[in-house]
Amino acid sequence: MSSDLDRRRLLGRALSFGALGLLGGCNFDHPNHPDLADRFLHLLSRWNDRVQAALFDPATLAPTFPAAAITRPPRFNAYYTIEHVRVVDGALWHLDLFGAIAEKRPWRLADFRAAPQASQITRLVCVEGWRVIGQWSGVPLGWFLRRVGADLGARYLSFRCADGYHSSIDMASALHPQTILALDFLGQPLTPPFGFPLRLRIPTKLGFKNPKSLVALGVTNRYPGGYWEDQGYNWFSGS
Amino acid sequence: MAARPIHPWPLRLMHWLNALALVIMIGSGWQIYDAHQLFRFTIPPSITIGEWLAGAIAWHFAAMWLFVLNGLAYLVWGTASGHFRRRFLPLSPRAVLRDLWLAATFRLPHRPGRYNAVQRLLYLGVLACGTLSIVTGLAFWKPVQLWWLSDLLGGFRETRFLHFAAMSGIVAFLVVHLVLVAAVPKVLAPMITGGRLHEESVP
């Protein structure tokens, strides 16, 4: 997503609509008072979550690509512009764990470096319609969840980022073999704009479901929502 | 049998449901297009639906159910009732050329309940575009789960161009459709009331 301030100002009117405005009846400008159209669209979006979860096949892999297909330079994208990227100190950084996890001891960078690694050259598809191909490597999320004793029967994984961004995914997608906690891009540690020191890389979902610079990971049965999801973007957003 | 409707009620119902679905699908699709343009033009936001990308996507993926389910009902009804066979067939290139020439020289008569060869071609064409829009839309929405469909259509970016092409075909049809209704306004009422068709004018 771009950092367009106008867009952020539309926060409360996420689902209000232009040309069909007359059909909507009352048009509240506050997210706590969604109008009829907002309610209808939320209902359909929840239905589409369920359809996508049913369509999701844990064994279907996202397409992989040759190294020559990698997009260079990589494309930066966040809810702010690149000069506002928050730089995390890798020596002090740790990932906090919360929710239905047996061993909640925070993980440091060295812990992740010592864990098994997997690499992938996959396509990142943005909700806007563009795509880039990149090479990410890191710790398979399924391995990590088992290692820390997460409740694999829980419904949601919740992610919090250093910049205040947050998102969440379903457990089935979290356990997909290509879902990784990425440390490296093109064989080098992630740079701050691209999620240093640790980001979620999940090629079975749209780009905004790949939160960067993670500071906390939780397992929960309570719907956690997310930065864009709360503004009206479809939660499941599977690819 | 003295008379039967020009447009039976299931057809009228599906026609107007489809009109609603198309307006929402196209309007929200244009807003989605603007988020990442394929060509060097922006579609004026004033004629789009959804106000911003999230709203447009929500509308697009809500109305798609109406568009697809209504379209499936139409296919089943059209096949089972014989509507397709009666209205769209036979169709030959020679008949299309003949009727095009008659239309160009303003000698093509309007016969209620009966489509000329050009109309048949246009209706079949827009049905093909509608089908293409759904297939390409599915492939662009689910390039991982439906990777085989995405591959079949030429790849991820290609499906987006094809989706745009299908929309363009539908919009081109709608322009012709609406211009013709404006030119021959008496065809509008039967699409609402059903109209009455006398047996002698039935093919």
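Please read these numbers as outputs of a predicted model, since none were measured by experiment.

Student: Please clarify how the interface of chain B and chain A should be interpreted in this entry.
Tutor: A common measure of how large an interface is: the accessible area buried when the components associate. On the chain A side, the residues contacting the 30 residues of chain B number 42 residues. Carbon and sulfur atoms supply 67% of the area buried between chain B and chain A, which totals about 3,100 Å² over both sides. Taken together, the connections running from chain B to chain A amount to five residue pairs in polar contact (both at pLDDT 80 or more). Of the residues that constitute the side of chain B that touches chain A, the class distribution is 20 nonpolar, six polar and four charged.

Student: Before we go on, may I ask you to explain the environment of Leu175 of chain A in this structure?
Tutor: All names here are of chain A. Its place among the elements puts Leu175 in the loop between α5 (171-174) and β7 (180-185). Separated by 131 residues in the primary sequence, Leu175 and Leu44 have C-alpha atoms spaced 26 Å apart. Here Leu175 is in contact with Gly142, Leu145, Arg146 and Leu152, once residues within four sequence places are set aside.

Student: Just checking my understanding: could you explain the nonpolar core for this structure?
Tutor: Where a protein is soluble and globular, its nonpolar side chains tend to be buried together. Formed by 90 residues in total, the largest nonpolar core has its most connected members in Phe112, Leu141, Phe144, Leu145, Leu157 and Leu217 of chain A. Ranked by residues supplied to this core, first place goes to helix α2 (residues 53-80) of chain B with eleven residues. Apart from residues no more than four positions distant in its own chain, Leu157 of chain A is found in contact with Leu141, Leu145, Ser167, Ser168, Ile169, Met171, Ala174, Leu217, Gly218 and Val219 of chain A. Within the second largest apolar cluster, seven residues are counted, among which are Met14, Trp77, Phe88 and Tyr115 of chain B.

Student: How should unusual backbone geometry be read in this particular structure?
Tutor: Comment: phi is negative for the bulk of residues other than glycine, and the bulk of peptide bonds are trans. Going from Phe196 of chain A to Pro197 of chain A, the amide bond is cis rather than trans, its omega being 0 degrees. Within the secondary structure layout, Pro197 of chain A lies in the loop between β8 (188-189) and β9 (199-201). With omega at -5 degrees, the peptide bond leading from Leu89 of chain B into Pro90 of chain B counts as cis. Its place among the elements puts Pro90 of chain B in the loop between α3 (83-88) and α4 (93-104). Located in the positive-phi region is Leu186 of chain A, a residue other than glycine, with phi close to 55 degrees. Position of Leu186 of chain A relative to the elements: it lies in the loop between β7 and β8. Judged by relative accessible area, which is 28%, Leu186 of chain A ranks as partly exposed.

Student: Explain the pairing of strand β4 (residues 131-140) of chain A to me, please; I cannot follow it from the model alone.
Tutor: Two faces make up the sheet, and in a regular strand the side chains alternate between them. Residues and elements named next belong to chain A. Judged by how many residues are buried, β4 sits mostly within the fold: eight of ten residues are covered. Strand direction decides the pairing type here: strand β3 (residues 118-125) and β4, joined by eight bridges, are antiparallel. Residue pairing for β4: Thr122 is matched across the bridge by Gly134. Two successive antiparallel strands, β3 and β4, enclose a turn made up of five residues, where Gly129 displays a positive phi of approximately 120 degrees. Inspection of the sheet shows β4 paired to β7 by five bridges, in the antiparallel sense. The residue bridging Ser137 from the neighbouring strand is Asp184, located in β7.

Student: Is there a simple way to think about the pattern of salt bridges in this case?
Tutor: Any two side chains of opposite charge can pair, on the condition that their charged atoms come close. Residue and element names in this part refer to chain A. Scanning the model with the defined rule gives seven salt bridges over all chains in all. Asp49 is the partner of Arg46 in a salt bridge, and the nearest nitrogen-oxygen pair spans 3.0 Å. Taken together, the residues Arg46 and Asp49, both in helix α2 (residues 36-55) and three residues apart, mark about one turn of the helix. A relative accessible area of 34% means that Arg46 is categorised as partly exposed. We classify Asp49 as buried; its relative accessible area is 8%.

Student: Got a minute to help me understand a nonpolar patch on the surface in this structure?
Tutor: Residues and elements named next belong to chain B. Among the surface-exposed residues, Trp16, Leu188 and Ile192 lie close enough to one another that they form a single nonpolar patch of about 290 Å² accessible area. Along the chain, the position of Trp16 falls in helix α1 (residues 9-35). For Trp16, a relative accessible area of 39% corresponds to the partly exposed category.

Student: Where do I start with empty space enclosed by the protein in this structure?
Tutor: A water-sized probe rolled over the atoms picks out the places where empty space is left. Residue and element names in this part refer to chain A. Evaluation of the coordinates by the stated rule reveals five cavities of 30 Å³ or more. Roughly 400 Å³ of internal volume is contained in the largest cavity. Along the walls of the largest cavity sit 27 residues, with Asn77, Arg199, Gly207, Asn210 and Lys212 positioned nearest its centre. With four residues, β4 is the single largest residue contributor to the lining of the largest cavity. Classifying every residue of the lining of the largest cavity gives 19 nonpolar, four polar and four charged.

Student: For this particular structure, what's the right way to read the layout of surface pockets?
Tutor: Of the voids in this model, the second largest pocket is the one considered here, and its volume is about 1,100 Å³. Together, 50 residues line the second largest pocket, and His60, Phe61, Gly137, Trp141 and His163 of chain B are the ones closest to its centre. Going through the elements one at a time, α2 of chain A together with α1, α2, α5 (117-141) and α7 (156-183) of chain B are the ones with two or more residues in the lining of the second largest pocket. Here the element with the most residues in the lining of the second largest pocket is α2 of chain B; it accounts for nine residues. A class-by-class count of the residues in the lining of the second largest pocket yields 34 nonpolar, 14 polar and two charged.

Student: In this structure, what is going on with α7 of chain B? I would like to understand it.
Tutor: Think of an α-helix as 3.6 residues a turn; residues three or four steps apart then line up on the same face. The end-to-end C-alpha distance of α7 of chain B, which contains 28 residues, comes to 41 Å, matching closely the 40 Å that a straight helix rising 1.5 Å per residue would cover. When we look at burial in α7 of chain B, the residues that qualify are Phe156, Thr159, Arg160, Phe164, Ala166, Met167, Ile170 and Phe173 of chain B. If you follow the buried residues of α7 of chain B, they end up packed against β3 and β4 of chain A together with α1, α5 and α6 (147-152) of chain B.

Student: Hey, could you run me through α5 of chain B in this one?
Tutor: Its 25 residues give α5 of chain B an end-to-end C-alpha distance of 36 Å, which sits within 8% of 36 Å, the value for a rise of 1.5 Å per residue. Looking only at α5 of chain B, the buried set comprises Ala117, Val118, Arg120, Val126, Cys129, Gly130, Ser133, Thr136, Ala139 and Trp141 of chain B. In this structure, the buried residues of α5 of chain B make contact with α2 of chain A together with α2, α3, α4, α6 and α7 of chain B. The backbone nitrogen of Val118 of chain B has a side-chain oxygen 2.9 Å away, supplied by the residue at the start of α5 of chain B, namely Asn116 of chain B.

Procedures and definitions
- Residue numbers restart at each chain and count upward from 1, following the sequence in its written direction.
- Note on labels: chains are lettered from A, ligands numbered from 1, in written order.
- The predicted origin of the model limits local features to residues at a pLDDT of at least 70 and limits the giving and counting of side-chain atom pairs to 80 or more, whereas totals for whole chains, interfaces and linings rest on all residues.
- To get the side-chain values, all heavy atoms of the structure are used, and hydrogens and water are removed first.
- Note on contacts: a residue pair is in contact if any heavy atoms of the two residues lie within 4.5 Å.
- What counts as buried area is the accessible surface, traced by a 1.4 Å probe, that two parts surrender upon association, with contributions from both included.
- N or O atoms within 3.5 Å of each other form a polar contact, as long as, within protein, one can give a hydrogen and the other can take it, and as long as residues adjacent in sequence are counted only when both atoms are side-chain atoms.
- When residue character is reported, Ala, Val, Leu, Ile, Met, Phe, Trp, Tyr, Cys and Pro are called nonpolar, Asp, Glu, Lys and Arg charged, and the others, Gly included, polar.
- Strands are runs of DSSP state E lasting at least two residues, helices are runs of H or I lasting at least four, and both sets are numbered from the N terminus onward.
- Residues belong to a common nonpolar core when they are buried Ala, Val, Leu, Ile, Met, Phe, Trp, Tyr or Cys residues joined through side-chain atoms within 4.5 Å.
- For each residue, the accessible area found with a 1.4 Å probe, counting protein chains only, is set against the maximum for its type, and the residue is called buried under 20%, exposed over 50%, and partly exposed in between.
- Pairing between two strands is assigned when DSSP locates at least 2 bridges connecting them.
- The term salt bridge refers to a pairing of a side-chain nitrogen on Lys or Arg with a carboxyl oxygen on Asp or Glu at a separation within 4 Å.
- In this analysis, a patch consists of residues with relative accessible area above 30% that form no salt bridge, clustered at 9 Å for like charges and at 5 Å for the nonpolar side chains Val, Leu, Ile, Met, Phe, Trp and Tyr.
- The method behind every accessible area is Shrake-Rupley, applied with a 1.4 Å probe, and residues are considered shielded solely by the protein chains displayed.
- Cavity means a closed set of points on a 1 Å grid over the protein atoms alone, one where a 1.4 Å probe fits but cannot get out, pocket means an open set with protein on both sides within 12 Å along at least 5 of 7 lines, and lining means a residue has an atom within 4 Å of a point.
- Grid points are joined across faces, edges and corners, and a volume is the space filled by probe spheres set on the points.
- The span you would expect from a helix comes to 1.5 Å times its residue count less one.

Remember that the coordinates give geometry; whether it matters functionally is a separate question.
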